[in-house]
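# Structural features, examined
Chain by chain, the residues run as shown.
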Amino acid sequence: MSSAKIEVIEKYCKGCSICVDFCPKQVLEMDAFVVKVVKPEDCIVCMQCELRCPDFAIKVHKD
Amino acid sequence: MSSAKIEVIEKYCKGCSICVDFCPKQVLEMDAFVVKVVKPEDCIVCMQCELRCPDFAIKVHKD
Amino acid sequence: MAERYEIRFSGAGGQGLITAGIILAEAAAILEKKHAAQSQSYGPEARGGASKSEVIISDSPIDYPKATIVDACLAMTQESADKYANGIKEGGVLLLDSDMVTRDPKGNFKTYKLPIMRTARVDLGREIVANVVALGAMIALTNVVSRESGEKAVLAKVPEAFVALNKKAYSLGFEMAKALI
Amino acid sequence: MAERYEIRFSGAGGQGLITAGIILAEAAAILEKKHAAQSQSYGPEARGGASKSEVIISDSPIDYPKATIVDACLAMTQESADKYANGIKEGGVLLLDSDMVTRDPKGNFKTYKLPIMRTARVDLGREIVANVVALGAMIALTNVVSRESGEKAVLAKVPEAFVALNKKAYSLGFEMAKALI
Amino acid sequence: MSYDYDKWLRPGKLPHIWCPGCGHGIVMKGLIRAMDTCGLEKNNTAIVSGIGCASRLPGYIDACTLHTAHGRAAAFATGVKMAKPEMTVICCGGDGDGTAIGGNHFIHACRRNIDMTYVIMNNYIYGMTGGQFSPCTPTGMKASTTPYGNPDPIFDISKLAIGAGATFVARTTAFHATQIDKLIVEGIKHKGMAVIEVLDDCPTSYGRRNKYRSVVDMMKRLKDIAVPVAAAAKMTAEQLEGKTLTGVLYKEDKPEYCEQYAKVIAKAKGA
Amino acid sequence: MSYDYDKWLRPGKLPHIWCPGCGHGIVMKGLIRAMDTCGLEKNNTAIVSGIGCASRLPGYIDACTLHTAHGRAAAFATGVKMAKPEMTVICCGGDGDGTAIGGNHFIHACRRNIDMTYVIMNNYIYGMTGGQFSPCTPTGMKASTTPYGNPDPIFDISKLAIGAGATFVARTTAFHATQIDKLIVEGIKHKGMAVIEVLDDCPTSYGRRNKYRSVVDMMKRLKDIAVPVAAAAKMTAEQLEGKTLTGVLYKEDKPEYCEQYAKVIAKAKGA
Amino acid sequence: MAKKVAVIQGNTACALGAMYAGCSFFGGYPITPSTEVAEVMSEELPKVGGKFIQMEDEIAAMASVIGASLAGAKALTATSGPGVSLKQELIGYACIAETPCVIINVMRGGPSTGMPTGPGQSDVQQAKWGTHGDHATIALVPSSIQEIFTETVRAFNLAEKYRMPVQVLYDEIVGHMREPIEFPEPGELEIINRTTPTVAPADYKPYDTSFGDVPPLAAFGSEYRFHVTGLNKAQDGFPTTKAELVDAEERRQIRKVESAENAAAIEKNEEYLCNDAEVLVFAYGSTARSARYAVNEMRKEGIKAGLFRPITLWPFPEKRVQALGKQVKAIVVPEMNLGQMILEVERVTKGSCALGGVFRVDGEPINPGQIMKKVKEVM
Amino acid sequence: MAKKVAVIQGNTACALGAMYAGCSFFGGYPITPSTEVAEVMSEELPKVGGKFIQMEDEIAAMASVIGASLAGAKALTATSGPGVSLKQELIGYACIAETPCVIINVMRGGPSTGMPTGPGQSDVQQAKWGTHGDHATIALVPSSIQEIFTETVRAFNLAEKYRMPVQVLYDEIVGHMREPIEFPEPGELEIINRTTPTVAPADYKPYDTSFGDVPPLAAFGSEYRFHVTGLNKAQDGFPTTKAELVDAEERRQIRKVESAENAAAIEKNEEYLCNDAEVLVFAYGSTARSARYAVNEMRKEGIKAGLFRPITLWPFPEKRVQALGKQVKAIVVPEMNLGQMILEVERVTKGSCALGGVFRVDGEPINPGQIMKKVKEVM
Ligand SMILES: Cc1ncc(C[n+]2csc(CCOP(=O)(O)OP(=O)(O)O)c2C)c(N)n1
Ligand SMILES: Cc1ncc(C[n+]2csc(CCOP(=O)(O)OP(=O)(O)O)c2C)c(N)n1
Ligand code: SF4
Ligand code: SF4
Ligand code: SF4
Ligand code: SF4
């Protein structure tokens, strides 16, 4: 059970699905036109989604 | 005594003296603003003057 | 039909609304021998942004090619609804994508809603035919050209491989809209 | 001196005639507090070709800066003599380089001849001062400025190292011309 | 933990105009991280671009930003840098902007070795105008003005920059996200003209036309063709077929232009 | 025995406008000998230049000659060649014309590898306008716009051409008169973009300002700095200090542009 | 059998018109909103063995077009705003070297990058004065898809007939709008080709006036050899600075367009309800479509309005506008700029009637209502 | 103590005037007959720590000038004919981005390469219309060496005051002729610098109209940060396509020059013997010198001739010329072109007097005799 909080800024997300495809743990999924966090508990905080999102639309917070 | 005829086209010659300086036998000399053939008999037909004249002003004819 | 009939298709760049407009213009001009003019306006964005495509259909030559009082309008996104769902005439028609538009534009016109994008993606499996679904629906709501002309025009534009898909998309849109009336 | 006096220096590009004109203008304007204007026209060639430099000297402000009726003209080459030794007023002055110009321009003016280039090359050992020789001669023939002003202006323009040479060139030109009158 | 881009972003400008999946956003993030790493001062940093999708980048960044005319970024930037040599000057733009219409200014900035960092986003196409081929569109590929396949050979931007005299030349891709800022940092620290080419993706105007099924497809390709210079040294010509070298391709220390001009000033004042 | 240049010279155009001792005349003679050697047909030969002293060359030659605008020779020539690929197209001009304002057209002609021969007369200066520095004026030298010495680094034209994709690149000097035609002949025979740089002298605008006592001084320098590629291979860096390589510097066989376009036509007609 | 009809975009009509005219070379550089012209040419030209090349910039595009034309091709380029400004130097070259070619300017909002996707009519004075030095200008301003096709054909004809560059200017609205077009059959529209020399190659002079003000033009690669320069030249094509020769050449080049006879041949206007008009709307391009709509509306209201629509904008229809200026009470000039052609109307009408302008530069079209409002104001 | 007097060339006077005005950056590319301006700047600028750069072409030169100006420098470029045409796109950029700078155009014969060493006045309409899109133009036309100095100073002042490019046009004759000049003492001529912002950096908007039609301009590298673009922009400097914003910005930019108040402040003419004139000569640049000579001669002959000499050519002195047009019987316009400014004279005089033109494009100056002859014809 990871302590990460994944924040999606919906009005920035353009639904390109890069984050979904690069997430090694299938934490994310496309829902209609924006990404949705489906398995936050599986997040290993690799930060791939945040790193690669071209739209500043997803952030991984670790507390 | 060389059989060469050196022709200077005076109205093309601009007196740059390239031919004079490149002639290995001092066949040519500057006279006022155009070149003058002073020792035609010494010409060894190396063609340097004709080759290097930028102005198509000197020709070496060998008969 | 009125002397001059004006239809506006609006949505996001890349949704194929300009094509929808062109197809309608072809249906009217080539198949129904009417006068037609299609024009558009778009932003700097290659994708996204709000864009509109207008079609004027008339029995006489068309001078002014832009809309004056819109008879019928389509808005596929909220942004386009906010920006372009205006100047619609009293009693006119406004069709919205029910998923995408949450704040309805207000006015003295009949507003219809259909899940156009969803239909394209879910029922037809290809988002790119959303514009054909929308076209079918708009033709159903306006009768500006006959159902047949509309279909013919659509199929004339698509490659062999996609005929079936587009045929389906068109009728689906047409039927869904008929059902609303 | 007349209200408006016009001198033209002509020759081949690169002979320094524009400089000669400038020096004369400076002598008149700065040293003798007259009005003066110098202008030129030249061809595309960086060297050679015919070029001219005109100096207008007047007691009142100079509007039109180009020659109207030339009081005195210099021609250093045949080409420039053919092209620019014209418009000389009756009784005016024409100075030619005796080696370079074989066909004299005809007209109602006094023609003088001096071996200007040769003097520069042979007597002074430097072709580049031919323009100063010419200037000295033209001043002697026209008195448009005093001998002293001319000399002052020349020396003001040249670097330390060349003062003697130019002084010599100027007086040589001046004397040779005086001898002709 | 999450990277704070906001301190370099102009408030209220997002979402940016780029298409879903456009690599320009990834490059912009790399640039921000690089500026951050270098500890640049906003007031002392000029970001200059030409025209194109890529050239819209400066508008999003909170610095002295100049969105010029198509192809002219390097020339405008030269004016800025000469007038204020103490400023850090960064140029950015697309392959079309930089190597087609902007080619002359690009090579002359390289020749002068003026101290600026030019980030060129090479997405193989003219994106903003809807996908005409650029001098970097691979031969044979489809663009809206090459319906029969592109007959033109391409520029190797890095080779061109080196040939023109650039003293720092590097290449990476939008896939190699973290390398982007590393190289830009080196470029900014380098005294002289630094060219960083980022191979990029344009799903809208290039990808679709050339049968890439998705953005990730394009990213995969970028991953596949990239070979680090070091690794390449150990590979055969066959193995390198169709690959592109990444990393620092060229580095040299040479007098920088503004410093050279400072000497002219000293001389003139001395004189 | 004496070479008959007249058959390629337009009657009545001499003397040319060039200054006493200007190397452009020497290059023109080399070009004529080369065209002659290649047995070119006048009606089928286009000679295209920009603006400058060097660019006045075509006017003297009895062929299809096009004296264009400053820097645009390669672009005009590209139009001529595309419209009539069967013609032999030769470009000529100065270093300023070709690498300053004309730099972009030059590198793009190299990139396309379009079949033309570009003879660039590098006299290190803008001659026609009276001696302002060019991108090829050696650093530190005097020009009318560098009264304190030139702060600009130079282009290595050959390196630039290679970096841009030219497939034949050679260099010689006005001193090496006979090598001029040899290299131009090779260039004309080469299918693709051939660049022949001729280091040249401008006594009027460069020589005098830079303390060359005579034209022959300038010729001597050209002789001294030239090192044939072969010889250079056996020399040390120190020995090569201040020298320039002469001869064929680069040669490669690559598809030529018009031939590539012919394939486009075939495809389009087939389609 | 009925003619082929299609619903196409203005830019497509332009490209197809060029193909109909026999265009065999296109040199371009993409720019909104003209790019579709290039896109269609890239597809159509190779089908007939023609050449399409995308150059490194607009200057190179213009250069390639002139080069190709001198090699005998009918050559075209198309661009917009910034590209047109960049081409100015070489448009002047085409003028002085008397090289036939056609330049399409699809007008957008300006200046500079301005509003690339918005319509404008702000380049109409630039079309005449953009390049330095005195030169003659022919500029055509079609206002419908059909007319873009036919005027592009006419542009090639005029370019070839008078040996000079001809510009076709239309705004983004007509450039991108689609309406039905009837394609003329081959041979239906006249096609003019440049006159080529008949003299012996040895006697050929590229600017030989013994054949009138438009000297025959040979092609590079033919049996004729000649020299072309952008310097003032003598009839033999070689540079000259001789005052009388330069003067004669410059004035002849102007005469090609402005001599009474030629100007009349080049002039083309549409007059709609002008005979009894008391108020005239002077409009061109897409704005003329709004104007016609407005005129019709006003006629319904009993206002005696008429539309004067120049199709050839340059040379300016001076005489005709002057005459109408004497006939009507007022002339209203709607333009998608801040008042450009109205200056010409003002110049030629010499105060004989009231003038009113309707100017827009906000990227929106001028609508009929604005025109009607202004007409009522000025009357 | 007497002022420093020297006999210098027009181009030198221009460069020294720029130095006097506080110019600290020159970006150029050599071209006859303007090159001497660059040559003098390359020597003078570094002496005061200023920057001279010779760019790769005229486009780059213009770009560098705009960049330097945005970084706070007073920037200058100088060119001729072909170079002016090449700069057109970026002159438009300087207009829309409202960047102060001065462009010198030493006019030669055109079009194209034309006659590089011959004088011309053929770029005067181009100065107003050369770039695409609507924009305002300020162009000054000095006619003596002294005036080239002072007008170059005024050009910088106007550029800085109105935040825009200002052009100074003079022909090769005044550019290359030499006559004595008296150098003004430092402080003798007014020097205007751009207004810089006073608001807090956070509140700064580069096109903030709350300060009037000319918004304060900060410099890159100062405490202010901002964005500049060539697209239509809002007051905050960021692109917009909002019709009302675009409209407001475009009209404001025109107002900076054409509002009654500003136009009056920019206008500058010399009127010589105009009060009682029955015939007027309208002339500028070196041609005005011939005109003055002619006017004096004609006065001797008893002809009531006067000279109107615009020193600010654009905006055109509309009101004054109109008024004089009503006063005199005829206006004669001599120009070294084929009739450019005479079109403006025709437009504003609306037929109130006869018009005659004396045009030359053969590389020779217009002499007083030609002007006198024409005056006698038209009277
Ligand atoms: C002078 C000029 N010519 C052409 C254009 C049209 N134009 C705008 S952006 C662009 C190309 C953009 O491609 P690139 O620079 O590769 O950037 P991208 O859009 O792919 O990011 C072109 C041709 C222009 N704006 N100005
Ligand atoms: C657009 C333009 N800019 C500038 C010029 C001025 N100009 C003419 S020739 C020339 C440079 C010539 O130098 P180069 O090309 O090296 O040839 P050279 O005269 O030295 O033989 C310049 C700057 C011009 N004619 N056109
Ligand atoms: S990468 Fe960014 S833009 Fe793309 S889907 Fe994920 S969050 Fe959205
Ligand atoms: S080389 Fe030619 S031009 Fe020079 S002096 Fe000899 S003959 Fe005369
Ligand atoms: S068109 Fe291409 S380059 Fe432009 S934003 Fe879209 S994906 Fe990016
Ligand atoms: S100026 Fe220089 S390049 Fe020009 S002709 Fe004279 S010597 Fe040759």
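See above for the structure.
From a predicted model like this one, the values you see are computed outputs, not experimental measurements.

So, on to the pattern of salt bridges. Residue and element names in this part refer to chain G. A complete count under the given rule lists 116 salt bridges over all chains for this structure. In this structure, the salt-bridge partner of arginine 255 is aspartate 213, at a minimum N-O distance of 2.8 Å. One end of the pair, arginine 255, is in helix H8 (residues 243-258); the other, aspartate 213, is in the loop between strand S9 (178-182) and strand S10 (227-229), with 42 residues separating them in the sequence. Assessed through its relative accessible area of 24%, aspartate 213 is described here as partly exposed.

Moving on, we get to the site of ligand 4. Close contacts around ligand 4 come from 13 residues, with B:Cys13, B:Cys16, B:Ser17, B:Cys19 and B:Cys53 the closest. Considering only residue class, the shell around ligand 4 consists of nine nonpolar, two polar and two charged.

The next thing to look at is the sheet that holds strand S15 (residues 330-335) of chain G. Backbone-to-backbone hydrogen bonds pair the strands of a sheet. The strands run either parallel or antiparallel. Residues and elements named next belong to chain G. Strands sit in the order S11-S13-S12-S15-S16 across an open sheet of five strands; the sheet is mixed. Among the strands making up the open sheet, the edge pair consists of strand S11 (269-272) and strand S16 (354-359). Recorded for the sheet is a direction-independent mean angle of 20° between the axes of neighbouring strands. Two strands pair when backbone bridges link them, and strand S12 (residues 279-282) and S15 are joined in this way by three bridges, in the parallel orientation. By the bridge assignment for S15, valine 281 is matched with valine 332. Where helix H13 (residues 368-378) meets the sheet, it contacts S12, S15 and S16, and its direction lies at approximately 155° from that of S16.

Take the packing of helix H11 (residues 318-327) of chain H against helix H12 (residues 341-349) of chain H next. Residues and elements named next belong to chain H. Close contact between H11 and H12 brings their axes to 8 Å; oriented N to C, the two are set at 70°. Between H11 and H12, the interaxial angle falls into the category roughly perpendicular. The handedness of the crossing between H11 and H12 comes out as right-handed. Taking contact as the criterion, the partners of Glu318, Val321, Gln322 and Gly325 in H11 are, on H12, Val345, Arg347, Val348 and Thr349.

Quick look at the site of ligand 1 now. The environment of ligand 1 is made up of 24 residues, and the closest members are E:His24, E:Cys53, E:Asp97, E:Gly127 and G:Glu58. Neighbouring residues of ligand 1 are not confined to a single chain but are spread across chains E, G and H. In the model, an oxygen atom of ligand 1 is placed 2.9 Å from a nitrogen or oxygen of the E:Cys53 main chain. One nitrogen or oxygen atom from the side chain of E:Asn123 is found 3.0 Å from an oxygen atom belonging to ligand 1. Coverage of ligand 1 by the protein chains reaches 98% of its 590 Å² of free accessible surface. Those elements giving two or more residues to the shell around ligand 1 turn out to be helix H3 (95-101) and strand S5 (125-126) of chain E together with helix H4 (81-96) of chain G. Ranked by residue count, the leading element in the shell around ligand 1 is H3(E), at four residues.

All names here are of chain D. Mapped onto the secondary structure, serine 41 falls in strand S2 (residues 35-41). The spacing of serine 41 and alanine 137 is 96 residues in sequence and 22 Å in space, taken between C-alpha atoms. Residue contacts for serine 41: discarding those within four places in its chain leaves Ser51, Lys52 and Tyr84.

Taken together, the contact between chain C and chain E spans four residues of the former and seven residues of the latter. Together chain C and chain E conceal approximately 520 Å² of surface at their shared face, both sides included; 65% is due to carbon and sulfur atoms. Taken together, the connections running from chain C to chain E amount to zero salt bridges. The interface formed by chain C and chain E includes zero residue pairs in polar contact (both at pLDDT 80 or more). Across the side of chain C that touches chain E, the residue classes break down as two nonpolar, no polar and two charged.

Contact with chain G, which involves 52 residues of that partner, is made by 52 residues of chain H. Taken together, both faces of the contact between chain G and chain H bury some 4800 Å²; the carbon and sulfur share is 61%. Where chain G packs against chain H, one counts four salt bridges. Across the salt bridge formed by G:Arg347 and H:Glu346, the nearest N and O atoms sit 2.8 Å from each other. Our count for the chain G to chain H interface comes out at 32 residue pairs in polar contact (both at pLDDT 80 or more).

The rules we used
- Note on numbering: residues in each chain are counted from 1, in written sequence order.
- All chains are assigned letters beginning with A, and all ligands numbers beginning with 1, in the order in which they are written.
- A pLDDT threshold of at least 70 governs which residues receive local features in this predicted model, and a stricter bar of 80 or more applies before side-chain atom pairs are shown or counted, although totals over entire chains, interfaces and linings include all residues.
- With hydrogens and water stripped out, all remaining heavy atoms of the structure feed into the side-chain values.
- For this analysis, a salt bridge means a side-chain nitrogen from Lys or Arg found within 4 Å of a carboxyl oxygen belonging to Asp or Glu.
- Counting from the N terminus, the helices are the DSSP runs of H or I reaching at least four residues and the strands are the DSSP runs of E reaching at least two.
- In this scheme, a residue with accessible area under 20% of its type's maximum is buried, one over 50% is exposed, and one in between is partly exposed, where area comes from a 1.4 Å probe on protein chains only.
- One heavy atom suffices: a residue is near a molecule or strand as soon as one of its heavy atoms comes within 4 Å of it.
- Residue type decides the class: Asp, Glu, Lys and Arg count as charged, Ala, Val, Leu, Ile, Met, Phe, Trp, Tyr, Cys and Pro as nonpolar, and the leftover types, Gly among them, as polar.
- Strands were regarded as paired on the criterion that DSSP finds at least two bridges between them.
- Think of each axis as a best-fit line through the C-alpha atoms, taken over the contacting stretch in the case of a helix, with angles from 0 to 180 degrees between the N-to-C directions.
- Any two residues whose heavy atoms approach within 4.5 Å at even a single point are treated as in contact.
- Here the angle decides the label: under 35 degrees means roughly parallel, over 145 means roughly antiparallel, 65 to 115 means roughly perpendicular, and every other value means oblique.
- Each crossing gets its handedness from the near helix: less than a right angle anticlockwise from the far helix is left-handed, clockwise is right-handed.
- Contacts described as polar in this section are N or O atom pairs within 3.5 Å, which, within protein, must combine one atom able to donate a hydrogen with one able to accept it, while residues neighboring in sequence count only if both atoms come from side chains.
- Surface accessibility follows the Shrake-Rupley procedure with a 1.4 Å probe radius. Residue values consider only the protein chains on display as shielding.
- By buried area we mean the combined loss of accessible area, with a 1.4 Å probe, across both parts when two parts are placed together.

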